[in-house]
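# Understanding the architecture of this molecule
Each chain, written out:
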Amino acid sequence: MPLIIPQKYRRKLLPETTEVAIKMIKDAFQSTLAQELNLRRVTAPLFLLSGTGLNDDLNGVEHAVTFTIDAMNSQKAEVVHSLAKWKRYKLGAYGIPAGYGLYTDMNAIRTFEDLDNLHSLYVDQWDWEKTIRQEDRNIKYLKDTVNKIYAAIRKVEHLVYERFPHITPTLPEEITFLYADELARDYPELSPKERETVMAKKYGAIFIIGIGGDLCDGKPHDGRAPDYDDWSTINEAGYAGLNGDIIVWNHVLDIPVELSSMGIRVSPESLTRQLEMRGCPEKAQLTFHRMLLEGELPYTIGGGIGQSRLCMLLLHKAHVGEVQASIWPEEHIMDCAAAGIELL
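By the naming in an unreviewed UniProt entry, the chain is Aspartate--ammonia ligase, taken from Duncaniella freteri. As recorded by UniProt, the Sequence similarities (unreviewed entry) comment attached to the chain reads in full: "Belongs to the class-II aminoacyl-tRNA synthetase family. AsnA subfamily." You can read under Subcellular location (unreviewed entry) in the UniProt record for the chain the words "Cytoplasm".

Per the UniProt record, "domain: Aminoacyl-transfer RNA synthetases class-II family profile" (unreviewed entry) is found at residues 102–329. The span residues 102–329 shows a helical share of 30% and a strand share of 23%, and its end C-alpha atoms are spaced 37 Å apart.

Let us look at the nonpolar core. In this structure, Phe29, Trp128, Ile149, Phe207, Met262 and Leu315 are the most contacted members of the largest nonpolar core, which totals 63 residues. Broken down by element, the residue count for this core peaks at ten residues, all from helix 3 (residues 139–163).

This part covers the state of the cysteines. Inspection of every chain in the model, using the stated rule, returns zero disulfides. For cysteine 311, which is in no disulfide, the shortest distance to another cysteine sulfur is to cysteine 336 and amounts to 18 Å.

Below, the discussion takes up helix 8 (residues 307–314). Most of helix 8 sits out of view: eight of its eight residues are buried. Burial in helix 8 covers these residues: Gln307, Ser308, Arg309, Leu310, Cys311, Met312, Leu313 and Leu314. Where helix 8 terminates, the next one or two residues include histidine 316, which has phi positive at roughly 60 degrees.

About the cut-offs
Residues numbered from 1 in each chain as written. Predicted model: local features only at pLDDT ≥ 70, side-chain atom pairs only at ≥ 80, totals over all residues. Heavy atoms only, no water. UniProt positions renumbered as here; feature names shortened; annotations may be inferred. Helix = DSSP H or I, 4+ residues; strand = E, 2+ residues; numbered from the N terminus. Core = buried A, V, L, I, M, F, W, Y, C linked by side-chain atoms within 4.5 Å. Buried < 20%, exposed > 50% of the residue type's maximum accessible area, 1.4 Å probe, protein only. Disulfide = S-S within 2.5 Å.

Printed below as a string of structure tokens:
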């Protein structure tokens, strides 16, 4: 996505006040999310040993930042992409019962990102995971969880309004649920991203169900690795997928913005199926995958919620660099400065 410079952009907070607002949002949201979903905070790693299968593979093609550890016979470690599988492992290690879970601050470096208004080399998100029962692996439980997360987002949006009344709320009262396969049937002439744009602009906030598996046109709505979200199980609506994305309309940039990727995680059966579908059955021998297949890990639901993206949205900022410190191309910085967009 090319850099977007909104016409007549006017920041609503000075940089110093923005820093105060960022802390307010982060403190309020994580406590509200924890209350809504029965989560407790845990400490997260910045890197993991390579070869364990614990790192999130995202779409299955991105490469992690790696380094060797001198004090451990040059074993290789890699900076996390996210903590999708690590969290499930921790739920099992801590013995957290169904209905309860954990969340953590996840910080990552993604060197492969195209730098623009939404994407940075630095990724910060709340990673959360919750133990569920086998019978909870259904669309109703997924939707109920999404509604609780969306309620937490709107509560914090109104908190921002109370503190800064000139930043008025823009999110709709409810989030609309859509199926990726149904959208592909209704809008065959549009690409998945174009379908997101049409629906997000129409409804303001949407959750698209079924991300990762091939749709009726033979293509996935978007990529997902085969070993965390369940995108192949047929759900109650008759479509594949027990996962999805929370996407909202950004009125400053006039584009859709993904705030969260989440879903019910793979069962032993769907893990085996998805590894075969993606042509990597050998991953079943990795530590995490073997534990899951042998029934040593609980059934879970989980996801990540972008911290900087949420702050950017709720503070009506035009660039993620206004709410986080990162590295940007010099011409990028100059173009933003000329438009009154001050990067931290």
